[in-house]
Amino acid sequence: MANFAPHRISFVLLLLGLKAPIALVAGAGLLLARHAVYASTLLRNQFRGTYILYYIPAVVLYASVLWASYRAHALGVVEWKGRRISVRAAG
């Protein structure tokens, strides 16, 4: 969960940047720093540096899947292939 914290902080700073420009600069800087750390990890593990282009779309897709899972479990029903399946514990 510690890896997710910089994304949250940068997102909040980017939103606050609508009111305070310094927060926008800080949020963009934090996001760029996280991007650079990921790029160095890719290169250290002998992957191409151009794979960094998949980082932001991957984060967005992963977060949307987590949100859909949370929402389905909060409602207590998952719909799959036209069938509604209860996710409540039997008992």
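What counts and what doesn't
- Residues numbered from 1 in each chain as written.
- Predicted model: local features only at pLDDT ≥ 70, side-chain atom pairs only at ≥ 80, totals over all residues.
- Heavy atoms only, no water.
- Phe/Tyr/Trp six-rings, centres within 6.5 Å; stacked < 30°, edge-to-face > 60°.
- Helix = DSSP H or I, 4+ residues; strand = E, 2+ residues; numbered from the N terminus.
- Buried < 20%, exposed > 50% of the residue type's maximum accessible area, 1.4 Å probe, protein only.
- Expected span 1.5 Å × (residues − 1).
- Salt bridge = Lys/Arg side-chain N within 4 Å of Asp/Glu carboxyl O.

**Q** Even after reading the chapter, I still don't get the packing of aromatic side chains, so can you show me in this structure?
**A** Here the distance between the centres and the angle between the planes together describe a pair of aromatic rings. Enumeration according to the criterion identifies four aromatic pairs in this entry. Ring geometry for W67 against Y70: centres 5.4 Å apart, planes inclined by 35°, an arrangement best described as tilted. Taken together, the residues W67 and Y70, both in helix α3 (residues 55–75) and three residues apart, mark about one turn of the helix. Relative accessible area serves as the criterion here: at 51%, W67 is assigned to the exposed category. An aromatic cluster is built from F47, Y51 and Y54, whose rings are joined through pairwise contacts.

**Q** Sorry if this is basic, but what is going on with helix α2 (residues 21–44) here?
**A** One turn of the α-helix equals 3.6 residues, which is why residues spaced by three or four share an orientation. Its 24 residues give α2 an end-to-end C-alpha distance of 35 Å, which sits within 8% of 34 Å, the value for a rise of 1.5 Å per residue. Residues A23, G27, R34 and L42 constitute the buried set of α2. Immediately downstream of α2, the backbone of Q46 shows phi near 65°, a positive value.

**Q** Looking at this structure, how should I read the pattern of salt bridges?
**A** Side chains bearing opposite charge may pair, as long as their charged atoms lie close to each other. Per the counting criterion, the structure on display carries one salt bridge. R84 is the partner of E79 in a salt bridge, and the nearest nitrogen-oxygen pair spans 3.7 Å. This pair shows no difference in class: E79 is exposed, exactly as R84 is.

Function cannot be inferred from these measures alone, as they are strictly geometric.
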